[in-house]
Amino acid sequence: MIQKGLEGVKICKSSICYLDGINGRLFYRGIPVEELAEKSTFEETAYLLWYGKLPTKNELEKFKKKMAEYRDLSDEAVNILYHLPRNLHYIDVLKIFLSIHGSTDGVDEDLKEKAIKIASVFPTILAYYYRYSKGEEPIKPRKDLSHVENFYYMMFGEMNGKVRLLESAFILLMEQDINASTFAALVIASTLSDLYSCIVGALGALKGPLHGGASEKVPPMLEEIGSEDRVEEFVQKCLKEKRKIMGFGHRVYRTYDPRAVYLKKVLQRHFQDSRLFKIASKLEDYIVSNRIKNIYPNVDLYSSILFEEFGFPRNMFTALFATARVVGWTAHVIEYVSDNKLIRPTSEYVGPLNIEYIPIERRDENG
Ligand code: CMC
């Protein structure tokens, strides 16, 4: 039997995340994700996903210190940064630096330690490249700030009173069961390749517009719509042209994506004047109330507007997603390899057999 797109296929047992697509619920290690977005921090939720339990006060303090220690980029890496073209996509920048890191990192180190190292350095890579691409000096990471505060600070050189909202978005994006990029990481992990290669593969999968890349397509789409009164016309045009509406639909959620619900409330409360938000809300109302293709908004619809409001460049949105999801990717890799099985599906061959090999001089150019 062929299961196109592996829809509904379970490839392993996991205790990391439960996604209830029918009721629109999401849990990390059993805890509802909304509760974590509201009450937890990036570091604490990452600890929960990696270690399987919430940390004690002492454990969290030690863990935060460790993440802060791993923030810096080596001089060698910074030197490479200065030799890169200034117009790369941020996902590609991450891939470059991870490949360098991976080739120089110890092979025997504990996987969890490597995972913490990788997640800790993502913001530094992005912020350094952002400033370099604008011809500005990079801002060195600060150890006294939290993971997300420090990221914002390294990007923009100042603090932001609303950074907690960004942290909530990162928590919501941190994990999502065996989605396409996590699966890509697991395929690589299952060959017993190194963790860095798993993450490079996952980044490539996330970049696609049907997955995390949708976040970069949402703002231009909302701008194309232009105003709330043009929503209906836009949707009907998309349906006619069989064009996907970005930020809508999901393989597993058959109702509202709880992450989108949460982020919409955040935007309603804090960024209600955003033009893009007003158009996105109207788009949601129209699509849901008219049961268009039975799709609902997904996380990318509203996370992209939040990232826009914080001033991040659009071609960094997928990399922002990755900055959070790297925790989920690595948690799954660690879990999967503890009971490893090479991932190697098959196809149903539908081509011919026993075809004669025709020597090149006898091959017909027109046939
Ligand atoms: N706009 C218009 N039609 C849609 C959409 C959409 N966003 N999503 C699904 N459909 C239609 C689809 O064309 C198909 O129609 P038909 O049966 O007439 O051919 C039907 O709904 C079933 O959709 P599908 O594409 O077979 O479903 P899937 O599970 O393979 O796709 C998806 C899931 C996320 C790829 C798809 O909904 C999509 O392309 N969405 C737009 C891109 C997007 O926002 N991606 C982010 C996903 S969530 C966060 C993340 O993973 O990054």
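Note: the structure precedes this text.
Residues numbered from 1 in each chain as written. Predicted model: local features only at pLDDT ≥ 70, side-chain atom pairs only at ≥ 80, totals over all residues. Heavy atoms only, no water.

**Student:** So, the side chain of Thr124: which residues are in play, and what are the values?
**Tutor:** Inspection of the secondary structure assignment puts Thr124 in helix α6 (residues 111-133). Those residues in contact with Thr124, other than ones at most four positions away along the chain, are Arg71, Leu73, Pro141 and Met154. (Helix = DSSP H or I, 4+ residues; strand = E, 2+ residues; numbered from the N terminus. Contact = heavy atoms within 4.5 Å.)

**Student:** Quick rundown of the nonpolar core? Include the residues and the values.
**Tutor:** Formed by 115 residues in total, the largest nonpolar core has its most connected members in Trp50, Leu222, Leu283 and Met316. With sequence-adjacent residues up to four places away left out, Trp50 is seen in contact with Arg29, Phe63, Lys112, Ala115, Ile116, Ala119, Val327, Thr330, Ala331 and Ile334. (Core = buried A, V, L, I, M, F, W, Y, C linked by side-chain atoms within 4.5 Å. Buried < 20%, exposed > 50% of the residue type's maximum accessible area, 1.4 Å probe, protein only.)

**Student:** Could you give an account of helix α10 (residues 195-206), naming the residues involved and the relevant values?
**Tutor:** With twelve residues, α10 should cover 16 Å at 1.5 Å per step; its first-to-last C-alpha distance of 16 Å lies within 8% of that length. Residues of α10 that are buried include every one of Leu195, Tyr196, Cys198, Ile199, Ala202, Leu203 and Leu206, and no others. The arc that holds the buried residues of α10, viewed along the axis, is 155°, so those residues lie on one side. Here the buried face of α10 lies against α5 (90-104), α6, α9 (180-189) and α16 (317-337). (Expected span 1.5 Å × (residues − 1). Arc of directions from axis to C-beta.)

**Student:** Can you tell me about a nonpolar patch on the surface, naming the residues and giving the values?
**Tutor:** A cluster of nonpolar side chains, contributed by Leu6, Val9 and Ile11, occupies part of the molecular surface with about 200 Å² of accessible area. Note on placement: Ile11 falls in the segment before β1 (17-20). Residue Ile11 is classed as partly exposed on the basis of its relative accessible area of 31%. (Patch = residues over 30% accessible without salt bridge, like charges linked within 9 Å, V, L, I, M, F, W, Y side chains within 5 Å. Areas by Shrake-Rupley, 256 points an atom, 1.4 Å probe, with all protein chains shown as cover. Salt bridge = Lys/Arg side-chain N within 4 Å of Asp/Glu carboxyl O.)

**Student:** Tell me about empty space enclosed by the protein, and name the residues and values.
**Tutor:** The method is simple in principle: a probe with the dimensions of a water molecule rolls over the atoms, and the space it marks as empty is what remains. What the rule picks out here adds up to two cavities of 30 Å³ or more. For the largest cavity, the calculated volume is near 70 Å³. Contributing to the lining of the largest cavity are Gly249, His250, Tyr253, Arg254, Thr255, Asp257, Asn294, Ile295, Tyr296, Pro297 and Asn298. Looking at side-chain class alone, the lining of the largest cavity contains four nonpolar, five polar and two charged residues. Taken together, Ile287, Val288, Arg291, Ile292, Asn294, Ile295 and Tyr296 form the lining of the second largest cavity. Considered class by class, the residues forming the lining of the second largest cavity number five nonpolar, one polar and one charged. (1 Å grid on protein atoms, 1.4 Å probe; cavity = no way out; pocket = protein on both sides within 12 Å on 5 of 7 lines; lining within 4 Å. Points joined across faces, edges and corners; volume = space filled by probe spheres on them. Nonpolar A, V, L, I, M, F, W, Y, C, P; charged D, E, K, R; others polar.)

**Student:** I'd like to hear about the environment of Leu6, residue by residue, with values.
**Tutor:** Position of Leu6 among the secondary structure elements: in the segment before β1. Under the relative-accessibility criterion, Leu6 is labelled partly exposed at 36%. Placed 162 residues apart in sequence, Leu6 and Ser168 show a C-alpha to C-alpha distance of 31 Å.

**Student:** Explain the packing of helix α3 (residues 57-69) against α6 residue by residue, including any values.
**Tutor:** Packing of α3 against α6 leaves a shortest axis separation of 8 Å and a crossing angle of 60°. Comparing their axes, α6 and α3 come out oblique. The way α3 lies across α6 gives a crossing that is right-handed. On the side of α3, the interface is formed by Phe63, Lys66 and Met67, while α6 contributes Glu113, Ile116, Ala119 and Ser120. A class-by-class count of the residues in the contact of α3 with α6 yields four nonpolar, one polar and two charged. (Axes fitted to C-alpha atoms, helices over the stretch in contact; angles between N-to-C directions. Parallel < 35°, antiparallel > 145°, perpendicular 65-115°, else oblique. Left-handed = near helix turned anticlockwise from the far one by under 90°.)

**Student:** So, the site of the ligand: which residues are in play, and what are the values?
**Tutor:** In the vicinity of the ligand there are 19 residues, among which His211, Ile245, Phe248, Arg251 and Lys293 approach most closely. Measuring from an oxygen atom of the ligand, one finds a side-chain N or O atom of Arg251 at 2.7 Å. Contact distances for the ligand include 2.9 Å between an oxygen atom and a side-chain N or O atom of Asn298. The protein chains hide 70% of the 920 Å² of surface that the ligand would expose on its own. (Near = heavy atom within 4 Å. Polar contact = N/O pair within 3.5 Å; in protein donor to acceptor, adjacent residues only side chain to side chain.)

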